Every structure is written in C-alpha cells, then in structure tokens.
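These are the residues of each chain, in order.
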Amino acid sequence: NQLQLLMFSAAAFIFLIKTGLYPPELRSVNLDVDWVYRRALPRVLQRAEQISGRVVAAFRSTVQKGLSSSVGFIKTHHAPNGVLGEPWPIGTASLWAAVLLVAYLLLAYL
C-alpha cells in the first residue's frame, strides 16, 4: 500500500511537470519561524539587557547615595560626641521611660 501511494504521487508530480500545470520554481529566500529565535530574539534580549543594566546602575547609585547620607547622619547624631551619644541624666531617662509606658498603655486600651 505504501509503495502504491509513493509511486502514484511520483507519477502525479511527473504528469504535472510534463504538462506544464505544475508552477515553476522561484528563486527566493523563505523566512520561517526560526527567524524569530535566530535573529529577532537575540536583538530583543540584547536591548533588554542594555536597558536593565542602565536601570540597575541608576538604582544602585541612588541606594548608595541614600546609604552614605544615612550613615553620615547616624555618625553625626549617634557618635560618642554627637547629640544622642551623650549620656542622659537619670531623671530625664526615667521621665522618657514613664512617658513611653503611658503612651503604650493608652494605645493598648484604645
């Protein structure tokens, strides 16, 4: 059966070519779906990599600037000679502890 199908399809092609009903071959370039992953996808990925690299670099520089300013603020205020680095008198420390406890109790009962 398979040999008959193969022979009759070959005979049909020969008949069409000899009678001129089969269209002539055209010299051309066929672009199939593989063009997408051979040409377009690498270009898209390369462009996305460039854009993401710029975004990451801008984000990183912004974070580094923020961290350095935060560290500078903490060093100036919490250093031993800074505003919050000096020891508080016992009365002031106990007053703030009492104020915080009262605030906590008020928030707990509301």
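Keep in mind that what you see is a predicted model, and the values were worked out from it rather than measured.

Cut-offs applied
- Residues numbered from 1 in each chain as written.
- Predicted model: local features only at pLDDT ≥ 70, side-chain atom pairs only at ≥ 80, totals over all residues.
- Heavy atoms only, no water.
- Helix = DSSP H or I, 4+ residues; strand = E, 2+ residues; numbered from the N terminus.
- Buried < 20%, exposed > 50% of the residue type's maximum accessible area, 1.4 Å probe, protein only.
- Areas by Shrake-Rupley, 256 points an atom, 1.4 Å probe, with all protein chains shown as cover.
- Phe/Tyr/Trp six-rings, centres within 6.5 Å; stacked < 30°, edge-to-face > 60°.
- Salt bridge = Lys/Arg side-chain N within 4 Å of Asp/Glu carboxyl O.
- Expected span 1.5 Å × (residues − 1).

> I keep staring at the overall build of the chain and nothing clicks. Help me out?
Each helix and strand counted, the chain has 3 helices and 0 strands in total. Ordered by position from N to C terminus, the α and β elements of the chain give α-α-α. Judged by the C-alpha coordinates and their principal axes, the chain covers about 115 × 40 × 25 Å. When the 110 residues of the chain are sorted by exposure, 2% land in the buried category. Put simply, the chain shows about 10,600 Å² of open surface, and 69% of that area lies on carbon and sulfur atoms.

> How should I be thinking about the packing of aromatic side chains in this particular structure?
Pairs of aromatic rings are described using the distance from one ring centre to the other and the angle between the two planes. Tallied over the full model, the rule gives 1 aromatic pair. Ring centres 5.7 Å apart and planes at 75° place the aromatic pair Phe13 and Tyr22 in the edge-to-face group. Of the residues examined, Phe13 reaches a relative accessible area of 45% and is grouped as partly exposed.

> Is there a simple way to explain the pattern of salt bridges in this structure?
Side chains that differ in sign of charge can pair as their charged atoms come close. Applying the stated criterion across every chain yields a total of 1 salt bridge. The closest approach of N and O atoms between Arg38 and Asp34, which form a salt bridge, is 3.2 Å. Here Arg38 pairs with Asp34, and both are found in helix H2 (residues 34-78), just 4 residues apart, close to one helical turn. Note on Arg38: relative accessible area 44%, which makes it partly exposed.

> Looking at this structure, how should I read the environment of Leu6?
With respect to the helices, strands and loops of the structure, Leu6 is situated in helix H1 (residues 2-19). The exposure class assigned to Leu6 is exposed, which follows from its relative accessible area of 53%. Placed 35 residues apart in sequence, Leu6 and Leu41 show a C-alpha to C-alpha distance of 40 Å.

> What am I meant to see in the environment of Arg47 here?
Assignment of secondary structure puts Arg47 in helix H2. Overall, Arg47 belongs to the partly exposed group, its relative accessible area being 43%. As for Arg47 and Asp32, which are separated by 15 residues in sequence, their C-alpha atoms are 23 Å apart.

> Which parts of the structure should I look at to understand H1?
Think of an α-helix as turning once every 3.6 residues; residues three or four places apart then point the same way. Taking 1.5 Å of rise per residue, 18 residues should cover 26 Å, and H1 covers 26 Å from first to last C-alpha, within 8% of that figure. Within H1, only 0 of the 18 residues are buried, which leaves the element largely exposed. Positive phi appears at Gly20, one or two residues downstream of H1, with a value of about 85°.

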